[in-house]
Each structure stands twice: as C-alpha cells, then as structure tokens.
Amino acid sequence: MINVAILGFGVVGCGVAEVLKINSDSIAQRAGQEIKVKWILDIRDFPDSPYSDLLTKNAEDVFNDRSVDIVVETIGGAKVAAEFTRRALMSGKSVVTSNKELVASQGPELLQLAKDNGVSYLFEASVGGGIPIIRPLNQCLAANEIDGITGILNGTTNYIFTKMRREGKSFEAALKGAQQNGYAEQNPTADVEGHDTCRKIAILSSIAYNEFVDSDSIYTEGITKITTEDMKYAEAMNGVIKLIAVSKRINGRIFARVSPAVISKEHPLANVEDVFNAIVVKGNAIGDAMFYGRGAGKMPTASAVVADIIDIAKHPGSSMMSVWVRKDKNNIIDIEDSLAKFLVRVQVADISEAKGKIASVFNQETEFIELGSKTNELAFITPFAAEKELNGSINRIKEMNSITAISNIIRIEEE
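Not measured: the values here are computed from a predicted model.

Analysis parameters
- Residues numbered from 1 in each chain as written.
- Predicted model: local features only at pLDDT ≥ 70, side-chain atom pairs only at ≥ 80, totals over all residues.
- Heavy atoms only, no water.
- Helix = DSSP H or I, 4+ residues; strand = E, 2+ residues; numbered from the N terminus.
- Rg over C-alpha atoms; globule rule 2.2 N^0.38 Å.
- Buried < 20%, exposed > 50% of the residue type's maximum accessible area, 1.4 Å probe, protein only.
- Contact = heavy atoms within 4.5 Å.
- Areas by Shrake-Rupley, 256 points an atom, 1.4 Å probe, with all protein chains shown as cover.
- Pairing = 2+ DSSP bridges.
- UniProt positions renumbered as here; feature names shortened; annotations may be inferred.
- Phe/Tyr/Trp six-rings, centres within 6.5 Å; stacked < 30°, edge-to-face > 60°.
- Domains from an automatic or database assignment.
- Buried area = accessible area lost by both parts, 1.4 Å probe.
- Salt bridge = Lys/Arg side-chain N within 4 Å of Asp/Glu carboxyl O.
- Polar contact = N/O pair within 3.5 Å; in protein donor to acceptor, adjacent residues only side chain to side chain.
- Core = buried A, V, L, I, M, F, W, Y, C linked by side-chain atoms within 4.5 Å.

## Details of the overall build of the protein chain
Item 1. When its secondary structure is counted, the protein chain shows 14 helices and 18 strands.
Item 2. Taking 22 Å as the expected radius of gyration for a compact globule of 415 residues, we find that the protein chain reaches 24 Å, a close match to that expectation.
Item 3. Taking the principal axes of its C-alpha atoms as reference, the protein chain extends roughly 75 × 45 × 35 Å.
Item 4. Counting the 415 residues in the protein chain, one finds 54% classified as buried.
Item 5. Considering only residue pairs separated by 6 or more positions, the protein chain has 73% of its internal contacts joining residues 24 or more positions apart.
Item 6. On the protein chain, roughly 18100 Å² of surface is accessible, and the fraction owed to carbon and sulfur atoms is 46%.

Here it is in structure tokens:
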C-alpha cells in the first residue's frame, strides 16, 4: 500500500482526494497496489468534509509519519510550499505538485534534493492542467532535440479573448464574465499580466533543453491593452489575437517570450478557444506534435497529480527527472535582440501623408491595413527585424506631425 499526504485542501487538493477515492480500483490496478490518502494538512476547518477524519493542522503529523510515501503539495506559492517540499524530500518522501510558481523558481534545487535522497519530485500538473505534456517531453520525445515550443498556456486569457472576438465584449466585461464563471480569480493579475503563462513556458523550456530557464529572464507582456479594435485589424489580416508563449533554441542559446500576438487563422493554435490550452512542440525527428485539452480546473489538474502518484508507485526510486543545469543568464537571448514583426495601429491627421512617411521610415513598401469605418486611423505591418531596430523606427514615427498617436503595437507570430 502507498500512503499519501495532501498538503493544502483547496480546489486541487480536494480534487486529488476525490480522484483517488472514486477511481480507487482502477488506480490500484494501474499502480500495482492500493493508494490511500492518510493525511490532509490545512489550517482551515472542514467540518462537513467526507475526509474530516484525515484532516490535521499539525504538519508534524505528516513529516513524522514514516508510513507516508508520497506528499502532494497543493498549497501554492513559493514560501511555505518550498519549506514543506524540502522537508518531505529530505525525509525520503517523494513529492508531487501542481505548484508552477515553486517549480519555475526553485526547480533545479528541488530536483537535485530529490535525486540526493533517492526520491521523486514530479509536477505534471504544473503546466497544462490535465494535458499530458511534461511526461511526453521527458519520455516520449526523449529521442528528439527540441527546437521550439509554442503554446496557449492560460485558459483564463484565452476565454477572455474568445469573448472579445466572438461577442465584441470589452476586456473589462470579458474579464468580469470569466470571474463570474469561476475561470478567473478575483485578483486576476497572474493570469492577465502573463505571469502564469511565463512560469509555464519556463518549466517547459527547462525540460526541453535540460537547462534551467529562469522565468525572471523571460520577457512577459499581458493582455490588458488589447481591445476589440485590435481584433478587427487582426481579422482584416485573416488572423486572430492570442496570448502566445514562445520558446526556441537558436544557435545554442535560448529565446523565450510571452505576449499577445496575431497568428494566422491557418496556425494550429488559431482555433483553440475558450478555456482550452494547446502546446506545439517542434522536435528535429518528429517535427511538430500538438497537445490539446483543458488547461485548468479541479478534476483535470487532479488527474495529472494522480498520474504522477501512480508513476511513482509503479516505479519506486526510478521516477526521476533530470536535474536542470543552471547556466549564465547570458545564454538567454534578450528581447531587443530577437527578430520580430509588429502590427502597429496609429492615429493620423491625414492618411495619405501618414502612409508616405511611414513607408519612408522602413525604406521599403509597407503593408497597410485600413478599416472602412476609420477615417483617422490605420495600421501597418513592419518588416521582420530585430526588436531594437523596430522600436527605434516606431519612435521616429511617433515624432511625425502626421501621426497623432500610437494606439497599439502587437507582435505577429508566423511559425
């Protein structure tokens, strides 16, 4: 029998207990033995919970119990969760988590600690909810050199964009709807400012390249400045706007970015709508492989956590991940040195005059986009160039008399 302790009885922790209970027979068959929840640690009271006899507020009940084999950390954050994770690993207990913040910031140290103590530290649920992506990267695609990852990794922002595009809702109205439906927290900062997506692409990059990619080194831009007007211009380009996470290996260095981007309707991510996530992995042997499903939610995330528990139960002492190497931060390509193409919306005093001046700045024919209803606004697509160069050109445009304002600047993702 495998005994499990759950730390944190919130949405995911409760889901883990439920999955282990309702699927206990099939889980035991797959794991080769029964898996039982012995402790649930939380500082709150749950008098009506069917698991009330397992609840404790004393962490020592868990850490002093030698019969506990696996600790499930669903506390969240990177303070108490980090302390408890270290204690569990050092006491010879494997740890399974959905905590993307902790994995993204302290992954190398925790993986090393697990290795040193002959136990496992697994986190399939930290990226993509119930979508299997970490295990395939580690195992199924292990024969490949991973050249890049592109994905929609946040269901909240994808839902908001879907409502804005389909129903013409403002960002604020779409966010309110997401909160009312339980897709967004009352404080949605981590989602709408891109921090959640940033942590996820940092984890995926670290696995793909076997090198720690610090989330603090990843350029991150949220969705709060995107409007329905931006979406109309994207539509005129036969495209849609998504919050896109990109990671690439370029000449031995790594580039990663999180930002809203226009993608063609032919792009494999274009039809990913509502709260769904999708991840495209490019391998040198397999080509493109796409993973799709619900990226969050109680039961999908709990499903991924329990899958890690089963893996450890089936392969005790061998369900280990490679320890990510910490390299110099210079191995991360700066956003200004990366190549990009922008969609730029401008307010103008005179459209014809503005077109001529904009084209002169880029020294080549520029593709312009106009909406019939707009007499004082147009958009244009920049050439493909280093972001530093493009930003310099856009700053020159800002100073022109015929340009009254820059409405927005949005990247165009073509791959």
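That shown, we press on.
## Looking at the sheet that holds strand β4 (residues 68–73)
Item 1. If you trace the six strands from one edge of the open sheet to the other, you get β3-β2-β1-β4-β5-β6, paired in parallel fashion. This sheet does not close on itself; its edge strands, each paired only once, are β3 (55–56) and β6 (121–122).
Item 2. Bridging between strand β2 (residues 35–41) and β3 involves two bridges; their strand directions are parallel. Along β3, the bridge assignment pairs L41 with T56.

## A look at the UniProt feature "domain: Homoserine dehydrogenase catalytic" (unreviewed entry) in the protein chain
Item 1. On the UniProt side, "domain: Homoserine dehydrogenase catalytic" (unreviewed entry) is annotated at positions that read residues 132–310 here.
Item 2. For residues 132–310, the helix share is 40%, the strand share is 27%, and the end-to-end C-alpha distance is 14 Å.

## Considering the packing of aromatic side chains
Item 1. Inspection of every chain in the model, using the stated rule, returns ten aromatic pairs.
Item 2. Geometrically, the ring pair formed by F212 and W324 is stacked, given 6.4 Å between the ring centres and 10° between the ring planes. Remark: W324 occurs in the loop between α12 (298–314) and β13 (339–340) and F212 occurs in the loop between α10 (195–209) and β8 (219–220); sequence separation between them is 112 residues. Here F212 matches W324 in class, with each residue buried.
Item 3. When the ring of F276 is compared with that of Y292, the centres are 5.2 Å apart and the planes differ by 5°; the resulting orientation is stacked. Of the two residues, F276 is situated in strand β11 (residues 276–283) and Y292 in strand β12 (residues 287–294); the sequence distance between them amounts to 16 residues.
Item 4. When its relative accessible area of 47% is taken as the criterion, Y292 is described as partly exposed.
Item 5. Three or more aromatic residues joined by ring pairs form one cluster here, namely Y121, F123, F212 and W324.

## So, the domain arrangement of the protein chain
How big an interface is tends to be stated in terms of the accessible area lost upon association of its parts.
Item 1. Looking at the assigned domains, one finds that the protein chain contains domain 1 (2–127 + 299–315), domain 2 (134–294) and domain 3 (338–412).
Item 2. Each of domain 1 and domain 2 has a C-alpha centre, and the two are 27 Å apart.
Item 3. Facing 14 residues of domain 1, the contacting portion of domain 2 comprises 13 residues.
Item 4. Of the roughly 1200 Å² buried where domain 1 meets domain 2, counting both sides, 67% is carbon and sulfur surface.
Item 5. At the junction of domain 1 with domain 2, the criterion picks out four salt bridges.
Item 6. Of the charged contacts, one joins R135 and D308 as a salt bridge, the two residues approaching to 2.4 Å between their closest N and O atoms.
Item 7. Across the domain 1-domain 2 interface, the total number found is five residue pairs in polar contact (both at pLDDT 80 or more).
Item 8. Looking at the side of domain 1 that touches domain 2, the element that brings in the most residues is helix α5 (residues 100–116), giving six residues.

## Considering the nonpolar core
Item 1. Grouped together as the largest cluster of nonpolar side chains are 111 residues, with contacts concentrated most on V16, I35, Y121, F123 and I309.
Item 2. Dropping the residues within four chain positions of it, F123 is found in contact with T97, V103, L111, I134, I203, I207, D308, M321 and W324.
Item 3. Residues V344, F362, F380 and I403 belong to the second largest nonpolar core, which totals 18 residues.

## As for the environment of Q347
Item 1. By secondary structure assignment, the location of Q347 is in strand β14 (residues 342–348).
Item 2. In this structure, the C-alpha to C-alpha distance between Q347 and E377, residues 30 residues apart in sequence, is 4.5 Å.

## Quick notes on unusual backbone geometry
Item 1. A positive phi angle, close to 60°, is found at N238, a residue other than glycine.
Item 2. By the element assignment, N238 lies in the loop between α11 (228–236) and β9 (239–250).
Item 3. Of the residues examined, N238 reaches a relative accessible area of 39% and is grouped as partly exposed.
Item 4. Phi angles above zero are rare outside glycine, and D274 is one such case at about 55°.
Item 5. Since its relative accessible area comes to 24%, D274 is described here as partly exposed.

## As for the pattern of salt bridges
Item 1. Throughout the structure, instances matching the rule amount to 29 salt bridges.
Item 2. Two residues, D230 and R345, come together in a salt bridge whose shortest N-O distance is 2.7 Å. A residue pair is termed long-range when its members are at least 10 positions apart, and D230 in helix α11 and R345 in strand β14 qualify at 115 residues.
Item 3. Taking relative accessible area as the criterion, D230 reaches 0% and is therefore assigned buried.
Item 4. For K341, the salt bridge goes to E414, with nearest N and O atoms at 2.9 Å. Placement of K341 in the loop between β13 and β14 and of E414 in the segment after β18 (403–412) is noted, with a sequence separation of 73 residues between them.
Item 5. Of the residues examined, E414 reaches a relative accessible area of 54% and is grouped as exposed.

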